[in-house]
Number of protein chains: 2
Amino acid sequence: MLVEHTDVPPGMTYRQAARKVVAMCVSDFAAKGVRPDSFMVSLGLRKGVTQRQVEELSLGFRDAGREWRVGLVGGDTNEARELVIDCAMMGYAEKVVTRKGASPGDLLVVTGAFGLTAAGLKILTAGAKGSRAFARAATKSVLEPTPDLELGVALAPFLTSAMDSSDGLARSIHTLARASGVGFELDRLPVGTGVRGFAASNGLDADRLVLEGGEEYVIVGTVRRGRLRAAQIAAAKAGGMLTPIGTATSRPGKVVLETNDGARPIRDSGWTHLRGR
Amino acid sequence: MLVEHTDVPPGMTYRQAARKVVAMCVSDFAAKGVRPDSFMVSLGLRKGVTQRQVEELSLGFRDAGREWRVGLVGGDTNEARELVIDCAMMGYAEKVVTRKGASPGDLLVVTGAFGLTAAGLKILTAGAKGSRAFARAATKSVLEPTPDLELGVALAPFLTSAMDSSDGLARSIHTLARASGVGFELDRLPVGTGVRGFAASNGLDADRLVLEGGEEYVIVGTVRRGRLRAAQIAAAKAGGMLTPIGTATSRPGKVVLETNDGARPIRDSGWTHLRGR
């Protein structure tokens, strides 16, 4: 469910918002290794909505339908005090990757870098500045998120657990830890290109951008150590990549980052609905 | 999609609202003859929502799940400026009854009477008064709508077209007429018990309560003339009833009511989102 005041930052068009709500579902499907077939959309429209805005929404659904080859097969329309779009998606899979299959010794892996989306949001909402190229990439990651469905489907046979990082990297890792009854020891943070520089020049904490951002729509999961190589080849064939960032441990719920100064705990922080950060 | 300011009248509890949004989907399934299997729910909750209210919602979903034997299998939670509940339902059928199968000569049928829900809404929102028994029945029809799933499933083999009357009887009949390329000649209006008396004592137009109410969640459809008897027996076996109220004609889009003074046109009026009535 996409809600205007929570999920539509300044600068996002209705077309992008419509595409985004489908992307949110596609991202969930990608992380579970499920190929979607079709989707339904319920719209809550403001009373003053214009013909143009409704057309923008329909273009966004068309964009999404073409991009991920899913058909819009139904839905509902209603009146609401702000734009609300709910998407329900249907699809098929032989195996669904859950959150609870990680075992101690498994490698923690991600399919992308983090921090860019949080930086983009700071640029759009808080006046932060970056180089032109960085700002373009960062805001694009917010306005036009691109979950990698083919990558998710290709990785499903290899992942012992996975989810998409819609509420941030730290929250995702803690969620997998709780669901699987393991802990995680990270040996590195998957910091996006340019994020440290952007953070420094705007007086922001780069680690927080990386750990607490959210809405990256990147897959966070685990693979058996001996399967990493095969999983990475499958990822490359699907046009993506898979980066190990740590190891599952037998200390349930404990998530730490190994640094030169020793192990630093990573808190279960990120976006919490009805509370914020 | 249920939206608080549009779909939750004064006097409706959160538990009833949650049950109602599932009832809205069940009603669609009943009219199509599809047995639902499971549903997903997306919630938009106000920032000040209480633990108690969230529990009420969960009780309403449980009520609905038990009543129509459907499982709540997933969903999403978000923050919104008013309560928004979106329900997506999945189910199975060998045949789906559409809106476009009516032929001239088919009988127009309904599975219930009309006017009670509109009366209930007048009682809840506009201070209208009725006898205690009538008021109880009328407000109950608003607060706890009861689509008849078993009846819909039993009738599916007989219906040539059908839909549920969520936007009112007149709108439903016109929609079937447009979709099927026929007209309809009504020989009677399916007026609910006590509705004429209630209308008279409150200075309201009974025909409008019957034709333009909405949210009755009654099935409006068509059957071949020679199949009426069999359809009525199937309805009775399912614990319901099927009442013929008119005939499909070969005058596309023309909907009239035969009266002692001749044919009176029935307008395509009812609830229109973003405009009201």
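Residues numbered from 1 in each chain as written. Chains lettered and ligands numbered in written order. Predicted model: local features only at pLDDT ≥ 70, side-chain atom pairs only at ≥ 80, totals over all residues. Heavy atoms only, no water.

Caption draft 1: Focus on the overall build of chain A. Helix and strand counts for chain A come out as 10 helices and 11 strands. By principal-axis analysis of the C-alpha atoms, chain A measures approximately 55 × 45 × 35 Å. Looking at chain A as a whole, 53% of its 277 residues are labelled buried. Taking all contacts inside chain A whose residues are at least 6 apart in sequence as the whole, residues at least 24 apart take part in 84%. Accessible surface for chain A amounts to roughly 12,100 Å². Of this, 51% is attributable to carbon and sulfur atoms. Here chain A contributes 36 positively and 29 negatively charged side chains, and the mean placements of these two sets differ by 3 Å. (Helix = DSSP H or I, 4+ residues; strand = E, 2+ residues; numbered from the N terminus. Buried < 20%, exposed > 50% of the residue type's maximum accessible area, 1.4 Å probe, protein only. Contact = heavy atoms within 4.5 Å. Areas by Shrake-Rupley, 256 points an atom, 1.4 Å probe, with all protein chains shown as cover. Lys, Arg positive; Asp, Glu negative; His and termini not counted. Charge placed at Lys NZ, Arg CZ, Asp CG, Glu CD.)

Caption draft 2: The arrangement of the sheet that holds strand β10 (residues 255-259) of chain A in detail. Residue and element names in this part refer to chain A. Spatial strand order, β6-β8-β5-β9-β7-β10-β11: 7 strands in an open sheet with mixed pairing. Edge positions in the sheet fall to β6 (159-164) and β11 (262-265), since each of these pairs with one other strand and no more. Neighbour-to-neighbour, the strand axes of the sheet open up by a mean angle of 30 degrees, direction not taken into account. Here 4 bridges tie strand β5 (residues 107-110) to strand β9 (residues 243-249), and the two strands are oriented antiparallel to one another. In the strand pairing of β9, Val110 is matched with Thr243. Packed on one face of the sheet, helix α2 (residues 14-32) meets β6 and β8 (219-223) and runs near 170 degrees to β6. Sheet strands in contact with helix α7 (residues 169-180) are β5, β6, β7 (183-186), β8 and β10, and its direction is about 140 degrees off that of β6. (Pairing = 2+ DSSP bridges. Axes fitted to C-alpha atoms, helices over the stretch in contact; angles between N-to-C directions.)

Caption draft 3: Structural view of the interface of chain A and chain B. Taken together, the contacts link 26 residues of chain A with 26 residues of chain B. Summed over both sides, the interface between chain A and chain B buries roughly 2,300 Å², with carbon and sulfur atoms accounting for 57% of that surface. Remark: the boundary between chain A and chain B carries 0 salt bridges. Seen at the junction of chain A and chain B, the total is 14 residue pairs in polar contact (both at pLDDT 80 or more). In terms of residue count, the dominant contributor to the side of chain A that touches chain B is strand β2 (residues 35-45) of chain A (5 residues). Along the lines of polarity and charge, the residues of the side of chain A that touches chain B split into 11 nonpolar, 7 polar and 8 charged. (Buried area = accessible area lost by both parts, 1.4 Å probe. Salt bridge = Lys/Arg side-chain N within 4 Å of Asp/Glu carboxyl O. Polar contact = N/O pair within 3.5 Å; in protein donor to acceptor, adjacent residues only side chain to side chain. Nonpolar A, V, L, I, M, F, W, Y, C, P; charged D, E, K, R; others polar.)

Caption draft 4: Structural context of the pairing of strand β2 (residues 35-45) of chain B. Residue and element names in this part refer to chain B. Buried residues dominate β2, accounting for 8 of its 11 residues. In this sheet, strand β4 (residues 84-92) lies alongside β2 in antiparallel orientation, the contact comprising 9 bridges. Looking at the pairing, Phe39 lines up with Met89 of β4. The pairing of β2 with strand β3 (residues 71-79) spans 8 bridges and is classified as parallel. Pairing of Leu43 across the sheet is with Thr77, part of β3. Between the parallel elements β2 and β3, the chain passes through helix α3 (residues 51-68) in a crossover that is right-handed. (Right-handed = clockwise from strand over helix to strand, strands pointing away.)

Caption draft 5: Structural context of the side chain of A:Ser42. Position of A:Ser42 relative to the elements: it lies in strand β2. Relative accessible area serves as the criterion here: at 6%, A:Ser42 is assigned to the buried category. There is a polar contact of 2.7 Å between the side chain of A:Ser42 and the side chain of B:Asp86. Those residues within four positions of A:Ser42 in sequence are excluded, and the remaining contacts are A:Asp76, A:Val84, A:Ile85, A:Asp86, B:Met1 and B:Asp86.

Caption draft 6: Spatial organisation of the relation of the copies chain A and chain B. Take chain A, turn it by 180 degrees, move it 0.0 Å along the axis, and it overlays chain B with an RMSD of 0.0 Å. The operation mapping one copy onto its partner corresponds to a two-fold rotation axis. Residue by residue, 100% of the interface of chain A is reproduced at the interface of chain B, so both copies engage with the same surface. (Least-squares fit on C-alpha atoms with pLDDT ≥ 70 in both.)

Caption draft 7: The confidence of the model for chain A, seen in detail. Across chain A, the average pLDDT comes to 95, with 97% of residues at 70 or higher. Interface confidence for the predicted complex, given as ipTM, is 0.87, next to a pTM of 0.89. (pLDDT = per-residue confidence, 0-100.)

Caption draft 8: Expanded view of the packing of helix α4 (residues 116-126) of chain B against helix α5 (residues 132-143) of chain B. Residue and element names in this part refer to chain B. Their axes nearest at 7 Å, the elements α4 and α5 cross at an angle of 100 degrees. For the element pair α4 / α5, the angle class is roughly perpendicular. Counting all contacts with α4, which are made through Leu116, Thr117, Ala119, Gly120, Leu121, Ile123 and Leu124, the residues of α5 involved are Phe134, Ala135, Ala137, Ala138, Thr139, Ser141, Val142 and Leu143. Residue composition of the contact of α4 with α5, grouped by class: 11 nonpolar, 4 polar and no charged. (Parallel < 35°, antiparallel > 145°, perpendicular 65-115°, else oblique.)

Caption draft 9: Quick look at the sheet that holds strand β5 (residues 107-110) of chain B. Residue and element names in this part refer to chain B. What the 7 strands build is an open sheet, ordered β6-β8-β5-β9-β7-β10-β11; its pairing is mixed. The sheet is open, and its two edges are formed by β6 (159-164) and β11 (262-265), each paired on a single side. Sheet twist, expressed as the mean angle between neighbouring strand axes with direction ignored, is 30 degrees.

Caption draft 10: Quick peek at the environment of B:Ala154. Residues and elements named next belong to chain B. Secondary-structure assignment places Ala154 in helix α6 (residues 149-155). Taking relative accessible area as the criterion, Ala154 reaches 23% and is therefore assigned partly exposed. Note: C-alpha distance between Ala154 and Gly33 (121 residues apart in sequence) is 7.4 Å. Not counting chain neighbours up to four residues away, the residues in contact with Ala154 comprise Ala234 and Ala238.

Caption draft 11: Fine view of the pattern of salt bridges. In this structure the tally under the stated criterion is 32 salt bridges over all chains. Notably, a salt bridge pairs A:Arg224 with A:Asp106, separated by 2.9 Å at the nearest N-O pair. A residue pair is termed long-range when its members are at least 10 positions apart, and A:Arg224 in the loop between β8 and α10 (228-237) and A:Asp106 in the loop between β4 (84-92) and β5 qualify at 118 residues. Given a relative accessible area of 39%, A:Arg224 falls into the partly exposed group. Judged by relative accessible area, A:Asp106 falls into the buried class, the value being 3%. Of the charged contacts, one joins B:Glu79 and B:Lys47 as a salt bridge, the two residues approaching to 3.9 Å between their closest N and O atoms. Here B:Lys47 lies in the loop between β2 and α3 and B:Glu79 lies in strand β3, a separation of 32 residues in the sequence. Where salt bridges share partners, they join A:Arg171, A:Arg178 and A:Asp268 into one cluster.

Caption draft 12: Just unusual backbone geometry, in detail. Despite not being glycine, A:Arg69 shows a phi value in the positive range, around 50 degrees. With respect to the helices and strands, the residue A:Arg69 is situated in the loop between α3 (51-68) and β3 (71-79). The phi dihedral of B:Tyr217 falls on the positive side, at around 55 degrees, and the residue is not glycine. A relative accessible area of 7% places B:Tyr217 in the buried class.

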